[in-house]
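Fold and contact review
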Amino acid sequence: MKIAIWGSLNHGNLGDDIMNIMIALHLKKNNCNPYLYRLNKKLASKYNLISVDSIDELIKDAVFTIIGGGSWLESRNLGPDFEKDFIEFIEYTNKYQVPFYIISIGGDTNNDFSLLSPERQLLLQNRFFKGGTVRLKSNLNIFKNINDNVKYFPDIVLLTRDFFNVNIYNKDNEKINIGISTYFKSFKHDVYTYLFEFYSRVFNKNINIYYLNTHHSDYGYSYEYRPTFTGSHIKVYEYNDLEDFIQFTNSLNLMVSHKLHPGVLALSCDVPFIWIKGNDKVRAFLQEMNLSNYEMHIGIILKNILSGKIKQICNYYDLSTVKNAKKQAVGHLLFIDDLVKQYSNK
């Protein structure tokens, strides 16, 4: 049974890759044949998945389509390329009359259908949209008068560590490894990294900072901060292999990010996540996880790292809500199971 998976997979974005590969692998466990739209060919080969670049080839002969993950319920404009993709998806969905479902899509703190782009409004009002799951409880409000077959479960990325069977080992409590993914680029940040490297060498050799690239290296994205130099305590970590990145995240003591899914990935590994204030979709997630007190400006975060106070934040981070959310997140997979059974019996 062919099932199409459509998502934002042509940018090598860590979160999108995790979500859609998880969905595809789960479908394979159900003896389905998933086709993914524009998934990186290296990743497709590694997990024995089919990746196609033609949306016609993706949807033709599919029993149903899954829109896997993505911030499609955000009120902000996502850009012309993204919105154009929605129109193309609608065109071929209507051409082949293939029903589609959303799985673990999300938004921000605005939950009014009228605030979505016209393209996304058309998508959700399409007659072939049959329901699905969202990753924010508040996003259910968007579907009140559209579709009553939409369920809430916490972000599917919370299942990552268990899903990919990442090795768990005891961390050295004397050392702190910090991953940072940030847009923040300035002369002050360069000065901070220099001072941190200097002080770490002289006074404190137990803290390491890894500046992250959370897009697959094949795609050449460079908007995330890179230090002007690296040293024994200032390093760069590139996303080259999905499981390597997950394993690396599992080894961290703290993830600091302006982006949502590096943080959710960290929480899946029971690694504390501090959000660099910015995108509202991360604030919405933290509010639902009762983690709003871990929103900080990048300057405060850097000062806490430089002073060594960051260790105390790591030690007292409250993961209790996250542990419960992981159990609930399995609901996304159970929803998929029900779909497979439903269409297998037709």
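Preceding this section is the structure that the text describes.
Structure report, in brief. Note that this is a predicted model, so its numbers are computed, not measured. (Residues numbered from 1 in each chain as written. Predicted model: local features only at pLDDT ≥ 70, side-chain atom pairs only at ≥ 80, totals over all residues. Heavy atoms only, no water.)

Details of the sheet that holds strand 13 (residues 295–296)
- Here we have six strands laid out as an open sheet, ordered 10-9-8-11-12-13, and parallel in their pairing. For this open sheet the edge positions go to strand 10 (234–239) and strand 13, each flanked by a neighbour on one side alone.
- Sheet analysis places strand 8 (residues 176–181) next to strand 9 (residues 207–216), joined by five bridges and oriented parallel. Pairing of Ile180 across the sheet is with Tyr211, part of strand 9. (Pairing = 2+ DSSP bridges. Helix = DSSP H or I, 4+ residues; strand = E, 2+ residues; numbered from the N terminus.)

Observations regarding the sheet that holds strand 4 (residues 64–68)
- With parallel pairing, seven strands are arranged side by side in an open sheet as 3-2-1-4-5-6-7. Sheet topology places strand 3 (50–52) and strand 7 (150–152) at the edges, where each strand pairs with a single neighbour. Recorded for the sheet is a direction-independent mean angle of 20° between the axes of neighbouring strands.
- By the bridge criterion, four bridges tie strand 1 (residues 2–6) to strand 4 in an arrangement that is parallel. Looking at the pairing, Ile5 lines up with Ile66 of strand 4.
- In the packing of helix 4 (residues 80–96) onto the sheet, the strands contacted are strand 1, strand 2 (33–37), strand 4 and strand 5 (100–105), and the crossing angle to strand 1 comes to about 160°. (Axes fitted to C-alpha atoms, helices over the stretch in contact; angles between N-to-C directions. Contact = heavy atoms within 4.5 Å.)

Let's talk about the nonpolar core
- Core analysis: the largest hydrophobic core is formed by 89 residues, its most contacted members being Phe164, Leu242 and Ile305.
- When residues in this core are grouped by element, the largest group, nine residues, is from helix 1 (residues 14–29).
- Among all residues touching Leu242, those that are not within four sequence positions of it are Leu14, Ile18, Ile21, Leu43, Tyr47 and Phe164.
- Ranked by size, the runner-up nonpolar core spans 32 residues in total, among them Val52, Ala62, Leu123 and Phe129. (Core = buried A, V, L, I, M, F, W, Y, C linked by side-chain atoms within 4.5 Å. Buried < 20%, exposed > 50% of the residue type's maximum accessible area, 1.4 Å probe, protein only.)

Quick word on the packing of helix 4 against helix 5 (residues 118–125)
- Between helix 4 and helix 5, the shortest axis-to-axis distance is 8 Å and the interhelical angle comes to 30°. The angle between the axes of helix 4 and helix 5 places the two elements in the roughly parallel class. Considering how the two elements wind past one another, helix 4 and helix 5 form a crossing that is left-handed. Facing Glu83, Phe86, Ile87, Phe89 and Ile90 of helix 4, the residues of helix 5 in contact are Glu119, Arg120, Leu122 and Leu123.
- Across the contact of helix 4 with helix 5, the residue classes break down as six nonpolar, no polar and three charged. (Parallel < 35°, antiparallel > 145°, perpendicular 65-115°, else oblique. Left-handed = near helix turned anticlockwise from the far one by under 90°. Nonpolar A, V, L, I, M, F, W, Y, C, P; charged D, E, K, R; others polar.)

Describing empty space enclosed by the protein
- Taken as a whole and judged by the stated rule, the model has three cavities of 30 Å³ or more.
- Of the pockets and cavities examined, the largest cavity occupies roughly 50 Å³.
- What lines the largest cavity is simply Gly106, Gly107, Arg135, Leu136, Asp155, Leu260, Lys281 and Phe285.
- Class assignment of the residues belonging to the lining of the largest cavity gives a composition of three nonpolar, two polar and three charged. (1 Å grid on protein atoms, 1.4 Å probe; cavity = no way out; pocket = protein on both sides within 12 Å on 5 of 7 lines; lining within 4 Å. Points joined across faces, edges and corners; volume = space filled by probe spheres on them.)

Some points on the packing of aromatic side chains
- Scanning the model with the defined rule gives 23 aromatic pairs in all.
- Between Trp6 and Trp72, the ring centres sit 5.9 Å apart and the planes meet at 45°, which makes this aromatic pair tilted. Highlighted residues: Trp6 in strand 1 and Trp72 in the loop between strand 4 and helix 4, separated in sequence by 66 residues. Considered together, Trp6 and Trp72 belong to a single accessibility category, that of buried residues.
- Plain terms: the ring middles of Phe89 and Phe100 are 5.1 Å apart, the flat faces sit at 85° to each other, and that makes the pair edge-to-face. Placement of the pair is Phe89 in helix 4 and Phe100 in strand 5, with a sequence separation of eleven residues. We note that Phe89, like Phe100, is buried.
- Cation over ring: Lys29 sits above Phe163, and NZ or CZ is 5.2 Å from the ring centre. (Phe/Tyr/Trp six-rings, centres within 6.5 Å; stacked < 30°, edge-to-face > 60°. Lys NZ or Arg CZ within 6 Å of the ring centre and 35° of its normal.)

Brief notes about the pattern of salt bridges
- Tallied over the entire structure, the rule returns 14 salt bridges.
- Between Glu74 and Arg76 there is a salt bridge; the shortest N-O distance is 2.5 Å.
- Under the relative-accessibility criterion, Glu74 is labelled buried at 1%.
- Between Arg120 and Glu83 there is a salt bridge, with the nearest N and O atoms lying 3.1 Å from each other. (Salt bridge = Lys/Arg side-chain N within 4 Å of Asp/Glu carboxyl O.)

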